[in-house]
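Given next are the chains, with one letter for each unit.
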Amino acid sequence: MINKKVANVVEALKGVESGMTLMLGGFGLCGIPENAIAELVRLGITDITCISNNAGVDDFGLGLLLQNHQIKKMISSYVGENDEFERQMLSGELEVELTPQGTLAEKCRAAQAGFPAFYTPAGYGTEVAEGKETREFDGKMYVLEPAYKADFSFVKAWKGDEAGNLIFKGTARNFNPCMCGAATITVAEVEELLPAGSLDPNQIHIPGIFVQRIFQGKHYEKRIEQRTVRPKEHVG
Amino acid sequence: MLDKNGIAKRIAKEVKDGYYVNLGIGIPTLVANFVRNDIEVEFQSENGVLGMGPFPFEGEEDADTINAGKQTITTLPGASFFDSAVSFGMIRGKHVDLTILGAMEVAENGDIANWKIPGRMVKGMGGAMDLVASAENIIVAMMHTNKAGQSKLLKRCTLPLTGVGCVKKIVTNMAVLEVKHHTFHLLERAPGVSVADIKKATEGKLVVEGNIPEMVV
């Protein structure tokens, strides 16, 4: 067993520097690497390029890095729900690259799987395709999209073992698996870190080969953005 | 004239037994409430779930189980979770049978604009560009005119596009229309709405053939 376990978040983020490109998993606030984000805030590194589907809310998730003016550029598909983001974007402090969600996922997966680029129909004929190579296949037009290049990728899983194997829960899976192995160093934080052999190899979502460092996460807040419920039906 | 629920109710009739359906935010979300319960349909949410159920009971919400609108949801028997690349693989690979989404503008050539208004804060396209570029069966749910009373069914979209030549069917508060041969073809009228009303509210080329029936909602 090749042991990927590191003692804590401080050790897990060793080597992260200003000016780097970072991938961060999560959809909205669901499945975000809360511990890694807190440590990035503490480190105070700046001029970060973040590849993340969303940009958090004002006081949580990537919003914490925005408040601190640590992010130079955001690459996302949807960035609503964040006033500070809007302010920085409109004032020109923050550079924003909007990418169709499926393209964003695939650009991560392509990096993971060794594809330099791929053709997708998404965005053809729109401003997203401006300046990009296009090509026709079977009468339909496609846009060439390159794979991302990142220095670190920060993902969050439900369970993991010391070998770096990961299991995700519910829709907290989202972009996390696509970002594993898509950067030079992948750091996984988990709700439950177990000894190798504890997880059933049949149930592993991401094999440890895609993960360089794994650590036991702490104090997950798991904030809900839109709490939608229905009243309990009372019987009798 | 239909209200938002009326539009959703009419669109629900387009949902067939055995369909995998992706619902956008807004009116499309309401469609789930009106789908016949004697057919088997699975709802996909692009953040990574198939087999979405209703909202959870109070106290049973789970931060790890949400839809693409970031709302807490439940799953039904047979549901599955998957990552974002697989999710859009389902969409791009045309495995999802029907996509229902909203629009700010639709043009007679099938172009759609629904993500950006110049001069206003841009929130992003989310999964809309992937959905419209890939799905073969797209229904647009929208009001026929904007708040200023101007037509949203145009000769050419004026707003930045989400996709080109992709819309096949539109259900508005006034009518059901099909987009083909670079024209809007009127299929049904909403209750109490005349063909003349629809003509007046449609800027793009409208084809009216024969007697146009009133919608059954």
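Up top is the structure.
In this text, all values refer to a predicted model and were calculated from it rather than measured experimentally. (Residues numbered from 1 in each chain as written. Chains lettered and ligands numbered in written order. Predicted model: local features only at pLDDT ≥ 70, side-chain atom pairs only at ≥ 80, totals over all residues. Heavy atoms only, no water.)

1. Let's talk about the overall build of chain B
Part 1 of the argument: Along chain B, the regular secondary structure elements total 5 helices and 13 strands.
Part 2 of the argument: Scaling as 2.2 N^0.38, a compact globule of 217 residues should have a C-alpha radius of gyration of about 17 Å, and chain B matches this with 17 Å.
Part 3 of the argument: With the C-alpha coordinates of chain B rotated into their principal frame, the extents come out at 50 × 40 × 30 Å.
Part 4 of the argument: The buried share of chain B, taken over its 217 residues, is 57%.
Part 5 of the argument: For chain B, the proportion of contacts with a sequence separation of at least 24, taken over those separated by at least 6, is 60%.
Part 6 of the argument: With the model as given, the accessible surface of chain B reaches about 9,200 Å², and the carbon-plus-sulfur share is 50%.
Part 7 of the argument: Positive and negative side-chain charges of chain B, numbering 23 and 25 respectively, have mean locations separated by a distance of 10 Å. (Helix = DSSP H or I, 4+ residues; strand = E, 2+ residues; numbered from the N terminus. Rg over C-alpha atoms; globule rule 2.2 N^0.38 Å. Buried < 20%, exposed > 50% of the residue type's maximum accessible area, 1.4 Å probe, protein only. Contact = heavy atoms within 4.5 Å. Areas by Shrake-Rupley, 256 points an atom, 1.4 Å probe, with all protein chains shown as cover. Lys, Arg positive; Asp, Glu negative; His and termini not counted. Charge placed at Lys NZ, Arg CZ, Asp CG, Glu CD.)

2. Examining the pattern of salt bridges
Residue and element names in this part refer to chain B.
Part 1 of the argument: A complete count under the given rule lists 23 salt bridges over all chains for this structure.
Part 2 of the argument: For the salt bridge of Arg-189 with Glu-214, the shortest nitrogen-to-oxygen distance reads 3.9 Å. Of this pair, Arg-189 sits in strand β12 (residues 183–189) while Glu-214 sits in the segment after β13 (206–207), placing them 25 residues apart in sequence. (Salt bridge = Lys/Arg side-chain N within 4 Å of Asp/Glu carboxyl O.)

3. Remarks on the environment of B:Phe43
Residues and elements named next belong to chain B.
Part 1 of the argument: Counting through the fold element by element, Phe-43 comes out in strand β2 (residues 42–45).
Part 2 of the argument: For Phe-43 and Tyr-20, which are 23 residues apart along the polypeptide, the C-alpha to C-alpha distance reads 5.8 Å.
Part 3 of the argument: Residues contacting Phe-43, with those up to four places away along its chain left out, are Val-21, Leu-23, Ala-32, Val-35, Val-49, Leu-50, Gly-51 and Met-52.

4. Here's the deal with the interface of chain A and chain B
Part 1 of the argument: Across the boundary between the two partners, chain A contributes 52 residues, which contact 48 residues of chain B.
Part 2 of the argument: Buried surface at the junction of chain A and chain B, both sides included, amounts to about 4,200 Å², of which 61% is carbon and sulfur.
Part 3 of the argument: Counting the surface chain A buries against chain B, the share from its top three residues, A:Thr171, A:Thr228 and A:Arg230, is 16%.
Part 4 of the argument: One can count 6 salt bridges joining chain A with chain B.
Part 5 of the argument: As a salt-bridge pair, A:Lys169 and B:Asp62 come within 3.3 Å of each other at their nearest N and O atoms.
Part 6 of the argument: Counting only elements with at least two residues in the side of chain A that touches chain B, the list comes to α4 (83–90), α5 (101–113) and α6 (176–179) of chain A.
Part 7 of the argument: The element contributing the most residues to the side of chain A that touches chain B is α5(A), with 6 residues. (Buried area = accessible area lost by both parts, 1.4 Å probe.)

5. A short note on the nonpolar core
Part 1 of the argument: Residues B:Val31, B:Ile100, B:Val106, B:Ile112, B:Val140 and B:Ile170 are the most contacted members of the largest nonpolar core, which totals 49 residues.
Part 2 of the argument: Residues A:Leu29, A:Ile32, A:Ile37 and A:Phe215 belong to the second largest nonpolar core, which totals 38 residues. (Core = buried A, V, L, I, M, F, W, Y, C linked by side-chain atoms within 4.5 Å.)

6. Here's the deal with the packing of α5(A) against helix α3 (residues 84–92) of chain B
Part 1 of the argument: Contact pair α5(A) / α3(B): the axes reach a minimum separation of 9 Å and the direction vectors enclose 125 degrees. It follows from the interaxial angle that α5(A) and α3(B) lie oblique. Regarding α5(A) and α3(B), the two cross each other, and that crossing is left-handed. Taken together, the residues of α3(B) that come into contact with α5(A) (itself represented by A:Gln101, A:Gly102, A:Thr103, A:Ala105, A:Glu106 and A:Arg109) are B:Ser84, B:Ala85, B:Phe88 and B:Arg92.
Part 2 of the argument: A class-by-class count of the residues in the contact of α5(A) with α3(B) yields 3 nonpolar, 4 polar and 3 charged. (Axes fitted to C-alpha atoms, helices over the stretch in contact; angles between N-to-C directions. Parallel < 35°, antiparallel > 145°, perpendicular 65-115°, else oblique. Left-handed = near helix turned anticlockwise from the far one by under 90°. Nonpolar A, V, L, I, M, F, W, Y, C, P; charged D, E, K, R; others polar.)

7. Brief notes about the sheet that holds strand β1 (residues 20–23) of chain B
Sheet strands pair via backbone hydrogen bonds, and the direction of the pair is either parallel or antiparallel.
Residue and element names in this part refer to chain B.
Part 1 of the argument: In spatial order, the strands read β4-β3-β2-β1-β5-β8-β10-β11-β12-β13; together these 10 strands make up an open sheet with mixed pairing. Looking at which strands have only one partner, the edges of the open sheet turn out to be β4 (75–81) and β13.
Part 2 of the argument: Bridge analysis of β1 against β2 gives 3 bridges, and the strand direction is parallel. Looking at β2, one finds that Asn-22 is bridged to Gln-44.
Part 3 of the argument: Running at roughly 120 degrees to β2, α3 makes contact with β1, β2 and β3 (49–52) of the sheet. (Pairing = 2+ DSSP bridges.)

8. Thoughts on the pairing of strand β11 (residues 175–180) of chain B
Residue and element names in this part refer to chain B.
Part 1 of the argument: Both strand β10 (residues 169–171) and β11 contribute to a ladder of 3 bridges, which runs antiparallel. Along β11, the bridge assignment pairs Lys-169 with Glu-178.
Part 2 of the argument: Across 6 bridges, β11 lies against β12 in antiparallel orientation. From the neighbouring strand, Leu-177 faces β12, where its bridge partner is Leu-186.
Part 3 of the argument: Counted between consecutive antiparallel strands, the loop separating β11 from β12 contains 2 residues, among which His-181 sits at a positive phi close to 50 degrees.

9. Focus: the state of the cysteines
Every disulfide links exactly two cysteines, by a covalent bond between their sulfur atoms.
Part 1 of the argument: Under the criterion given, the structure shown has 0 disulfides over all chains.
Part 2 of the argument: A:Cys50 takes part in no disulfide bond, and the closest cysteine sulfur, belonging to A:Cys108, lies 12 Å away.
Part 3 of the argument: B:Cys166 forms no disulfide, and the closest cysteine sulfur to it belongs to B:Cys157, at a distance of 9.1 Å.
Part 4 of the argument: Overall, B:Cys166 belongs to the buried group, its relative accessible area being 6%. (Disulfide = S-S within 2.5 Å.)

10. Considerations on the environment of B:Asp97
All names here are of chain B.
Part 1 of the argument: Positionally, Asp-97 belongs in the loop between α3 and β5 (98–102).
Part 2 of the argument: Along the chain, Asp-97 and Val-15 lie 82 residues apart, while their C-alpha atoms are 9.2 Å from each other.
Part 3 of the argument: Contact partners of Asp-97, with chain neighbours within four places excluded, come to Gly-18, Tyr-19, Tyr-20 and Asn-137.
Part 4 of the argument: Among the polar contacts made by the side chain of Asp-97, one reaches the main-chain amide nitrogen of Tyr-20 at a distance of 2.8 Å. (Polar contact = N/O pair within 3.5 Å; in protein donor to acceptor, adjacent residues only side chain to side chain.)

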